[in-house]
Amino acid sequence: MQIVGVGLIATFLALVVKEQKPMIAFLLVVFVGAFIFLFLIDHIGRVIALLEQIAKDANINMMYVQTLLKIIGIAYIAEFGAQIAKDAGQAAIASKIELAGKVMILVMAIPILTAVIEMILSLLPSAGT
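Definitions and cut-offs
Residues numbered from 1 in each chain as written. Predicted model: local features only at pLDDT ≥ 70, side-chain atom pairs only at ≥ 80, totals over all residues. Heavy atoms only, no water. Salt bridge = Lys/Arg side-chain N within 4 Å of Asp/Glu carboxyl O. Helix = DSSP H or I, 4+ residues; strand = E, 2+ residues; numbered from the N terminus. Patch = residues over 30% accessible without salt bridge, like charges linked within 9 Å, V, L, I, M, F, W, Y side chains within 5 Å. Areas by Shrake-Rupley, 256 points an atom, 1.4 Å probe, with all protein chains shown as cover. Buried < 20%, exposed > 50% of the residue type's maximum accessible area, 1.4 Å probe, protein only. Phe/Tyr/Trp six-rings, centres within 6.5 Å; stacked < 30°, edge-to-face > 60°. Axes fitted to C-alpha atoms, helices over the stretch in contact; angles between N-to-C directions. Parallel < 35°, antiparallel > 145°, perpendicular 65-115°, else oblique. Contact = heavy atoms within 4.5 Å. Nonpolar A, V, L, I, M, F, W, Y, C, P; charged D, E, K, R; others polar. Polar contact = N/O pair within 3.5 Å; in protein donor to acceptor, adjacent residues only side chain to side chain.

(A) Representation of the pattern of salt bridges in the model. The tally for this structure, following the rule as stated, stands at two salt bridges. Of the charged contacts in the structure, one is a salt bridge between Arg-46 and Asp-42, with a shortest N-O distance of 2.9 Å. Remark: Asp-42 and Arg-46 occur in helix α2 (residues 22–57); sequence separation between them is four residues, near one turn of the helix. Glu-98 is the partner of Lys-86 in a salt bridge, and the nearest nitrogen-oxygen pair spans 3.3 Å. Pair noted here: Lys-86 is in helix α3 (residues 62–87) and Glu-98 is in helix α4 (residues 91–123), with a separation of twelve residues, a long-range link.

(B) Focus on a nonpolar patch on the surface. On the surface, Leu-38, Phe-39, Leu-40, Ile-41 and Ile-44 cluster together into a nonpolar patch covering about 420 Å² of accessible area. Overall, Ile-41 belongs to the partly exposed group, its relative accessible area being 40%.

(C) Structural view of the packing of aromatic side chains. A complete count under the given rule lists one aromatic pair for this structure. An angle of 25 degrees between the planes, with centres 5.4 Å apart, marks the rings of Phe-37 and Phe-80 as stacked. Remark: Phe-80 occurs in helix α3 and Phe-37 occurs in helix α2; sequence separation between them is 43 residues. You can call Phe-80 partly exposed: its relative accessible area is 29%.

(D) How the structure looks around the packing of helix α1 (residues 2–18) against α2. The geometry of α1 relative to α2 is characterised by a closest axis approach of 8 Å and an angle of 170 degrees between their N-to-C directions. By the angle between their axes, α1 is roughly antiparallel relative to α2. Packed against α1, whose contacting residues are Gln-2, Ile-3, Val-6, Ala-10, Leu-13, Ala-14, Val-17 and Lys-18, the element α2 presents Pro-22, Ile-24, Ala-25, Leu-28, Val-29, Val-32, Phe-35, Ile-36, Phe-39 and Leu-40 at the interface. Across the contact of α1 with α2, the residue classes tally to 16 nonpolar, one polar and one charged.

(E) Up close: the environment of Gln-83. On the secondary structure map, Gln-83 appears in helix α3. Note on Gln-83: relative accessible area 32%, which makes it partly exposed. Gln-83 sits 41 residues away from Leu-124 along the chain, and the two C-alpha atoms are 45 Å apart. Only 2.8 Å separates the side chain of Gln-83 from the side chain of Glu-79, close enough to count as a polar contact.

Have a look at this one:
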């Protein structure tokens, strides 16, 4: 409720200020967006710790879990940056941020994709037998 309240107040303030001082309105939006993101860091940390504990309990290779968490982080950060660029009226830059995020996710996913392909190949009967 606090995040929604802060977001709505900032939205109304930005709409009022935008007419006279568009730069101040934009800075207000960026500041509130960063504030909300920082407010969520603690919660995100708890989720990450829980996922890591579940992975340990399930005896899953931590490299895969860490890679997945990095991929999720890249997606959220790229989305956050793209939204800020869109708020500033820079749709072209926003689309480039999104593209960069997608490429980085693909790069980060290669070890997982390789492991999945190797596992599938190991389950298939070999051609010589």
